[in-house]
Amino acid sequence: MTVYIRNPVSLTEVNALEQSAVPAQIEFRKVTKMYGRVAAVKDLSLTVRRGEFLTILGPSGSGKTTALMLLAGFVAPNEGDILIAGNSVAAVPSYRRDQGIVFQSYALFPHLTVRRNLEFPLEMRGMKAAERAARVDRMLERVHLEDFGGRMPSQLSGGQQQRVALARALIADPPFLLLDEPLGALDRNLREQMQVEMKSLHKEFGITTICVTHDQEEALTLSDRIVVMRAGRIEQTDAPEALYDRPATCFVAKFLGEANILENPGFTVESDAAQPFGTVAMIRPERICISLPNAPKRANADQWQSVSGIVDEMIYCGPLRKYHVRVGSTVLIVREHVASEQQTFRLGSEVRIHWLRCDVRFVSL
Amino acid sequence: MKMFQTVGRMPIGLTVPAFTILFVVFGIPIILLFFTSVNAPAFSLANYQAFFSHPANVRVLLQTIEISIVATGICVIIGYPTAYLIVAAPKHLRVALVVLVIIPYLTSALARTYAWIVILGDRGLINHMLLDLGLISSPLPLIYNRTAVYIGMVHIMLPMMILPLVSVMMGIDKSLMAAARSMGARPLTAFWRVFFQLSMPGVRSGAVLVFVLCLGFYITPAALGGLPDAMLSTFIASQVSTSFNIARIAASAFVLLAVAVIMLSMFGLDLSHRQGSAGQPARKPWLSRRSPFGALKRWVNELLTPIRAKRWIDQLYRAGGDSHWPKIVGTVFVLLVMFYLLFPGLVVVIMSFSAGTFLEFPPSGLSLQWYRSFFGDPSWRDAAWTSIQIAVAVAILSTIVGTLAAYGLTRTTFPRLRGFLTMLILTPITFPVIVVGIATYLGLVKLGLLGSNTGIVLGHSIGAIGYVVVIVSATLANFDRRLEDAAKSMRAGPFQTFRRVTLPLVRPGIIGGAVFAFLHSFDEVVITSLIGGLSIRTLPLKMWENIRHQIDPTIAAVATLLMLLPVLWLMVLYVTWWRSKLREQPALLNSAI
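Computed from a predicted structure; not experimentally measured. (Residues numbered from 1 in each chain as written. Chains lettered and ligands numbered in written order. Predicted model: local features only at pLDDT ≥ 70, side-chain atom pairs only at ≥ 80, totals over all residues. Heavy atoms only, no water.)

**A word on the overall build of chain A**
Part 1 of the argument: The helix and strand inventory of chain A stands at nine helices and 18 strands.
Part 2 of the argument: Projected onto its principal axes, the C-alpha positions of chain A cover 80 × 45 × 40 Å.
Part 3 of the argument: Residues classed as buried in chain A amount to 53% of the 365 residues present.
Part 4 of the argument: Put simply, 68% of the contacts in chain A that link residues at least 6 apart link residues at least 24 apart.
Part 5 of the argument: Only carbon and sulfur atoms are counted for the fraction: they give 50% of the accessible area of chain A, which is about 16,300 Å².
Part 6 of the argument: Of the side-chain charges in chain A, 43 are positive and 42 negative, and the distance between the mean point of each set is 3 Å. (Helix = DSSP H or I, 4+ residues; strand = E, 2+ residues; numbered from the N terminus. Buried < 20%, exposed > 50% of the residue type's maximum accessible area, 1.4 Å probe, protein only. Contact = heavy atoms within 4.5 Å. Areas by Shrake-Rupley, 256 points an atom, 1.4 Å probe, with all protein chains shown as cover. Lys, Arg positive; Asp, Glu negative; His and termini not counted. Charge placed at Lys NZ, Arg CZ, Asp CG, Glu CD.)

**Quick word on the environment of A406(B)**
Part 1 of the argument: Tracing the sequence through the fold places A406(B) in helix α18 (residues 378-410).
Part 2 of the argument: Not counting chain neighbours up to four residues away, the residues in contact with A406(B) comprise V469(B), V472(B), S473(B) and L476(B).

**Details of unusual backbone geometry**
Residues and elements named next belong to chain A.
Part 1 of the argument: In this structure, H144 is a non-glycine residue whose phi angle is positive, near 60°.
Part 2 of the argument: Counting through the fold element by element, H144 comes out in the loop between α4 (129-142) and α5 (158-170).
Part 3 of the argument: Here N264, not a glycine, exhibits a phi torsion of approximately 50°, which is positive.
Part 4 of the argument: Looking at where N264 falls in the secondary structure, it is placed in the loop between β11 (260-262) and β12 (279-283).
Part 5 of the argument: Judged by relative accessible area, N264 falls into the exposed class, the value being 67%.

**A word on the domain arrangement of chain A**
Residue and element names in this part refer to chain A.
Part 1 of the argument: Domain boundaries assigned for chain A yield domain 1 (11-99 + 174-254) and domain 2 (258-364).
Part 2 of the argument: Each of domain 1 and domain 2 has a C-alpha centre, and the two are 34 Å apart.
Part 3 of the argument: The interface of domain 1 with domain 2 comprises nine residues on the first partner and 11 residues on the second.
Part 4 of the argument: Carbon and sulfur atoms supply 46% of the area that domain 1 and domain 2 bury against each other, a total of about 860 Å² over both sides.
Part 5 of the argument: Contact with domain 2 buries area across many residues of domain 1, yet Y244, D245 and A253 alone supply 52% of it, more than any other trio.
Part 6 of the argument: Applying the counting criterion to the domain 1 and domain 2 interface returns two salt bridges. (Domains from an automatic or database assignment. Buried area = accessible area lost by both parts, 1.4 Å probe. Salt bridge = Lys/Arg side-chain N within 4 Å of Asp/Glu carboxyl O.)

**Considerations on the interface of chain B and chain A**
Part 1 of the argument: With 35 residues of chain B at the interface, the matching set in chain A holds 36 residues.
Part 2 of the argument: Taken together, the two surfaces of chain B and chain A that pack against each other cover about 3,200 Å², and 62% of this comes from carbon and sulfur.
Part 3 of the argument: Its largest share of buried area at the contact with chain A, chain B owes to M183(B), W312(B) and Y317(B), together 25% of the area lost on that side.
Part 4 of the argument: For the interface between chain B and chain A, the tally reads two salt bridges.
Part 5 of the argument: Across the pair E302(B) and R132(A) runs a salt bridge whose closest N-O atoms are separated by 3.0 Å.
Part 6 of the argument: At the surface where chain B touches chain A, the tally comes to 13 residue pairs in polar contact (both at pLDDT 80 or more). (Polar contact = N/O pair within 3.5 Å; in protein donor to acceptor, adjacent residues only side chain to side chain.)

**A word on helix α15 (residues 293-315) of chain B**
Part 1 of the argument: In this model, α15(B) (23 residues) spans 30 Å end to end at C-alpha, consistent with the 33 Å of a helix rising 1.5 Å per residue.
Part 2 of the argument: Taking the largest bend as the criterion, α15(B) deviates by roughly 40°, centred on T305(B), and proline P306(B) comes between one and four positions later.
Part 3 of the argument: The complete set of buried residues in α15(B) reads G294(B), N301(B), T305(B), R308(B), W312(B) and Q315(B).
Part 4 of the argument: Residues of α15(B) that are buried sit in contact with α3 (114-124) and α4 of chain A together with α10 (187-215) of chain B.
Part 5 of the argument: Backbone geometry just after α15(B) places Y317(B) at a positive phi near 60°. (Expected span 1.5 Å × (residues − 1). Bend = angle between axes of the 7 residues up to and from the residue.)

**As for the side chain of N260(A)**
Residue and element names in this part refer to chain A.
Part 1 of the argument: Here N260 lies in strand β11.
Part 2 of the argument: Its relative accessible area of 3% is what places N260 among the buried residues.
Part 3 of the argument: Side-chain polar atoms of N260 contact the backbone nitrogen of I333, separated by 2.8 Å.
Part 4 of the argument: If we ignore the near neighbours within four places in the chain, the residues touching N260 are A281, M282, I283, R284, P285, I288, V331, L332 and I333.

**Re empty space enclosed by the protein**
All names here are of chain B.
Part 1 of the argument: Throughout the structure, instances matching the rule amount to 10 cavities of 30 Å³ or more.
Part 2 of the argument: Of all the elements, helix α21 (residues 453-477) adds the most residues to the lining of the largest cavity, at five residues.
Part 3 of the argument: Considered class by class, the residues forming the lining of the largest cavity number 25 nonpolar, eight polar and three charged. (1 Å grid on protein atoms, 1.4 Å probe; cavity = no way out; pocket = protein on both sides within 12 Å on 5 of 7 lines; lining within 4 Å. Points joined across faces, edges and corners; volume = space filled by probe spheres on them. Nonpolar A, V, L, I, M, F, W, Y, C, P; charged D, E, K, R; others polar.)

Next comes the structure, spelled out in structure tokens:
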């Protein structure tokens, strides 16, 4: 039943898939949630397919946490309906839903051992003690915490706590898993390690997963599909690579990675496609090359656009260098990988920057 | 000499002034008292035998324990839901409710006891109303019985129960309950399995605190109870006033103390409430460690599994009609509790404007005569002035000494030593007050300060220092010590660092400590009645006499004026605490205990 969307697919392809044979597991139908007079979520419609890893990405206040709370049953929508496996759950309290949630702070019960924490959801489902114990043993083994069953959560490291939280969410075999900023509390190295681990767990269990985060890297690494939210509405839904490569709006372009928005740049932006009305040109910093002003012309020069500018700033960040190049009144960010025999461009020196015309994107404001 | 210098430079040296006062006024005398009780150096248990050989004594002892247990039980039963509902309330309402609980807590216990006399008395509010309605023909015996004692004691103790509970409950991560529900726990199950278990430390320390304070209760049972409701403190106090056979009194005091100490060590009193560290299961007292209920609980739990399994399948994705009843019942309950806590105060305020000549409620007319009688009577005025002088002196002395001690204790690197010293410094407020009073009496006799203002200041300070240490320690525990390192890195000396960085940041705690020290002294009647001799009349002493002998509404005027005090203090606290940050509310609550 598990379907993985690994290759970049266009928006139309995804829409086609949505209507395909893969059954929808979770569906938001024009859901609105008001807090006082403010709509935290407005007219949200979204379909999550079985086995999919979907990430809701957005800055704080974008309504992504409210969307998760609605799905978890902690708040009820004011308008619209939410369907889980065909059941309308708008008025169903959280404890009558079959789900696994990993909370931002993990919410491990501090007064119970790891083992008793894992047993909790099984107990609530009326599972017998012997069966519970067997399941807990299996699960502990799966998350490599065999020797930690007797410990209290406070005696575990952050990464271990995270694994216990994940194990507790998965142990009752819920049809879907909700992750609330699952890696937010971990340090960088551990986060990368956990990303890999979570991905393999998702593959292993094949469980529908909805993750809420503001961390774009987390979203890009883990997801099959990303929903970008802004001010209670969906800005764009797409597979990670498609989303990064072809952002629909200026907001998405800037929120996912860095973007040079060329709004009245002072030079004509050449492109293969015609610029639609109400859009601006955008180019990613890593798609721009930098060279000396008198460098020999490239092959296929007709496919490139080049402009000259002055180096305003150079930022060294390990594997790459970032240049701020001023072209007239516009400053473009250029990102270049550091190679051994490569020259650096000094501050104030004149340079030429060029990019492939096909790398220019048009995004709406 | 060199050793003394090293000790002096260590943080622990800062506790020396506090412990000097404590040992001289209270510590050494209580040890002497113990030796007296065993007839040292002969060493015999004759005094204890004498105590236990009188059936009346044993009856009073058992009665004291019984009354304390019942009062504590009522406090838990009323206090727990109240605290829960306060914590569940929206933020602004929660702050308001906490203030409404703190106001009676800060109000003079004498004034509150007096209020109950007004309400329950033969010509009091209830009887008056019932007579007027024609429901009864002669006044009901509402006062001078056990029920009245419970009503009065619970009224005084309830804030002591609610405040630590609120403080612990506020520290419980809300997402834990959400997590439990998301895993299929129904609201009641989630509450019982998660919230209740995590709030147990609050119940335990609140209950122990209330129980131990109840053991030493003196004023309320004496004022509201009948002759058969005497508690051990009343008994000891009457022993003091009639015979003063010090050995016998010492024996009674140590029997009472033994009960208190047994309770304290069994349940453990954690006045610091460091629940901030993710509710770590720290050192548990033995009682909760090997719980005989564990096996039973598991067994019942297993019995429930088939029911749970069936319900899980039956009710999955079933819409739940959210009932409004719990909300309505909760609101009514909180309103009733607040009414119970605040109404007596209101009655006293109204009484104070009575135009009648005797205790009568509601008053037949309004006048300011009782305020005139208070301000016009030099004995009242002098008593008030004496009390203010003493309380200010106590506040200054104990704030300085207590802050130093708190600073020294938090900076001590040996946790065992810190725990032990903190426990010692808190004995004057955790031991039954009558025991403290008798020990202090003995101490002041030795110092030749009995019946002097200095003596009373010292006698009040030993307790006040305890309050200051608790409150300032709570503030220091939240204090980020890296700030001091930062100051030192900028070339500030130790003194400069303290004055420019530490002091301003812990100032709210220090002011709070000073307020509590002032109130402790201004309210104190039991110790004062023992050590004041015949010459010194403080305001509470004068009120206490008045309550016992004549009960005229002058005391209502005094009580009203005393009730203005906590409102005033709350404003002081508001300015220093809430203004700085509302986030620190748990710290305030911690320290309020």
